[in-house]
Amino acid sequence: MTMRDVAVVGVGLSKFGERWDSGLKELMAEAGVAALEDASITSNDVEMIFGGTMASGSFTGQEHIAALMSDQLGFKNIPAVRIENACASGGSALRLGYMAVASGIHDIVVVGGVEKMTDVPSAEAGTALGGAGDQEWELFQGITFPGLYAMMAKRHMHEYKTTEEMLAGVAVKNHANAYLNKYAQFHKKLTIEEVLNSKMVSDPLKLFDCSPISDGAAALVLAPLEVAKKYNDTPIKILASEQASDTLRLAERESLTGIKATSLAAEKAYKRAKVKANDIKLAEVHDCFTIAEIMAMEDLGFYEKGKAGKAVLDGETALNGKISINTSGGLKGCGHPVGATGVKQAVEVVWQLRGEAGNRQVNGAEIGLTHNVGGSGATAVVHIFGRSN
Ligand SMILES: CC(C)(COP(=O)(O)OP(=O)(O)OC[C@H]1O[C@@H](n2cnc3c(N)ncnc32)[C@H](O)[C@@H]1OP(=O)(O)O)[C@@H](O)C(=O)NCCC(=O)NCCS
């Protein structure tokens, strides 16, 4: 089947954080209206919407999220479908939006992602997030997401001599990037010592090794590349959209020091986009915990196994380093409203490739990658984007 090339022609983001001033609907409107305006289209032009959310029912009582997004944005009776794929809901929604346009079924498609997590106490949020793992074998036995990633961190430290300082280096870098991003939840620079001295959550992961509980929304407008200039002077082409899965249960994985679904999705994405890992100079990766960014750098092929931690401490992944990772501040500094994250990653890469990232602009950015993980790695979605002119 011949597929059409697909471009992102509009992007929008709400401010991330503890948004007690807004409900789900207001967050969706903040991001959605910005994306429609960015693409210079009206709600009448949109043919379908895919809405990513992980656990809106548990966090707010509200289900049927895609229909609500469509209603809120004034779309007229179009198909609206909710995508739930744990923390990869946003990335998966983007992939389905891409497929809808690439196949020729629809021309203008909106992809949204939203989560409002701060209306419940942290412990309740933790239980809702735990649903992304195996209920019977993990959550019921008392393990939380920080606990699952702590086990991966311990094993990585054991096998590759990764240190707590290296983990802390990820948080320091991502908070420094978030400091430059007005949409970010945190505008607070950290030092290695502050991370190391923060309260223990699940050994070796401390408070500042964890992404926070967040509210936020993100939206994208997709169109066929051949007509994309009608909507935006700088359309950004989707060079690859790939996804893979692995066992839901951590105990059944081949290895605890990497996420196989990431390597598989990345391998397919590089092949589809006809690029190599070392062509990527800009990436938004899924740093739900600091160890997750280190594993992502290795699974995506940016660094050999066991070498990523040192590269972080050496500043190679800082803004305009050898490879700029998580210029938005990542999940750690920008925030992690789970259903919105995969869409927000794409928004950041589009701004970077258009040259619109302001004081956190990566010089000469031509190709960018996003990496969105569901749960402890049962799902991974990788997108590669490029300038189309
Ligand atoms: C780490 C965690 C348990 C902390 O929650 P908590 O102990 O209830 O923290 P509180 O909400 O009481 O916040 C206490 C302070 O720390 C800050 N804070 C909370 N989490 C933070 C984080 N992850 N990073 C930095 N600061 C954080 C809060 O802003 C607050 O600051 P303030 O006192 O200046 O207002 C919680 O953020 C968490 O569960 N994170 C992981 C989320 C997750 O698993 N996501 C899915 C990944 S797959």
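Because the structure is a prediction, the values reported are computed rather than measured.

**Overview of the sheet that holds strand β7 (residues 215-224)**
Now for step 1: Here 10 strands make up an open sheet; going across it, the order is β3-β2-β4-β7-β1-β8-β12-β11-β9-β10 and the pairing mixed. The outermost strands of the open sheet, each flanked by one partner alone, are β3 (80-83) and β10 (324-325).
Now for step 2: Judged from the eight bridges that link them, strand β11 (residues 367-374) and strand β12 (residues 379-387) form a sheet pairing that is antiparallel. Considered in β12, the bridge of Val373 is made with Ala380.

**Re the nonpolar core**
Now for step 1: Residues Tyr149, Tyr270 and Phe302 are the most contacted members of the largest nonpolar core, which totals 60 residues.
Now for step 2: Two domains share this core, each providing at least three of its residues, namely domain 1 (6-121 + 214-236) and domain 2 (142-211 + 239-387).
Now for step 3: Beyond its immediate sequence surroundings of up to four residues, Phe302 is in contact with Tyr270, Ala277, Ile280, Ala283, Met297, Ile323, Ile325 and Leu369.
Now for step 4: Of all hydrophobic cores here, the second largest spans 36 residues; its members include Val6, Ile83, Leu94 and Val343.

**A few points about the layout of surface pockets**
Now for step 1: In this model, the largest pocket occupies a volume close to 800 Å³.
Now for step 2: Around the largest pocket sit 34 residues that line it, and Ser122, Cys210, Ser211, Pro212 and Ile213 are the ones nearest its centre.
Now for step 3: Counting residues per element, the ones that place at least two in the lining of the largest pocket are α5 (122-130) and α6 (145-160).
Now for step 4: For the lining of the largest pocket, the element with the highest residue contribution is α5, accounting for four residues.
Now for step 5: Residue composition of the lining of the largest pocket, grouped by class: 21 nonpolar, 10 polar and three charged.
Now for step 6: Residues from two domains meet in the lining of the largest pocket; each of domain 1 (6-121 + 214-236) and domain 2 (142-211 + 239-387) gives at least three.
Now for step 7: Computed from the structure, the second largest pocket encloses a volume of approximately 160 Å³.
Now for step 8: As for the second largest pocket, its lining consists of Ala277, Asn278, Ile280, Lys281, Gly301, Phe302, Tyr303, Lys322 and Ile323.
Now for step 9: When grouped by side-chain class, the residues that make up the lining of the second largest pocket number five nonpolar, two polar and two charged.

**Considering the domain arrangement of the protein**
Now for step 1: The domains assigned to the protein are domain 1 (6-121 + 214-236) and domain 2 (142-211 + 239-387).
Now for step 2: If you average the C-alpha positions of domain 1 and of domain 2, the two centres end up 23 Å apart.
Now for step 3: The interface of domain 1 with domain 2 comprises 43 residues on the first partner and 35 residues on the second.
Now for step 4: Both sides together, the interface formed by domain 1 and domain 2 hides about 2,900 Å², and carbon and sulfur atoms give 67% of it.
Now for step 5: On the domain 1 side of the contact with domain 2, Phe16, Cys87 and Ile236 bury the most area, a combined 24% of that side's loss.
Now for step 6: Run the count over domain 1 and domain 2 and you get one salt bridge.
Now for step 7: Note that Arg354 is salt-bridged to Asp38, the shortest N-O span being 2.8 Å.
Now for step 8: Linking domain 1 with domain 2 are 11 residue pairs in polar contact (both at pLDDT 80 or more).

Conventions we followed
Residues numbered from 1 in each chain as written. Predicted model: local features only at pLDDT ≥ 70, side-chain atom pairs only at ≥ 80, totals over all residues. Heavy atoms only, no water. Pairing = 2+ DSSP bridges. Helix = DSSP H or I, 4+ residues; strand = E, 2+ residues; numbered from the N terminus. Core = buried A, V, L, I, M, F, W, Y, C linked by side-chain atoms within 4.5 Å. Buried < 20%, exposed > 50% of the residue type's maximum accessible area, 1.4 Å probe, protein only. Domains from an automatic or database assignment. Contact = heavy atoms within 4.5 Å. 1 Å grid on protein atoms, 1.4 Å probe; cavity = no way out; pocket = protein on both sides within 12 Å on 5 of 7 lines; lining within 4 Å. Points joined across faces, edges and corners; volume = space filled by probe spheres on them. Nonpolar A, V, L, I, M, F, W, Y, C, P; charged D, E, K, R; others polar. Buried area = accessible area lost by both parts, 1.4 Å probe. Salt bridge = Lys/Arg side-chain N within 4 Å of Asp/Glu carboxyl O. Polar contact = N/O pair within 3.5 Å; in protein donor to acceptor, adjacent residues only side chain to side chain.

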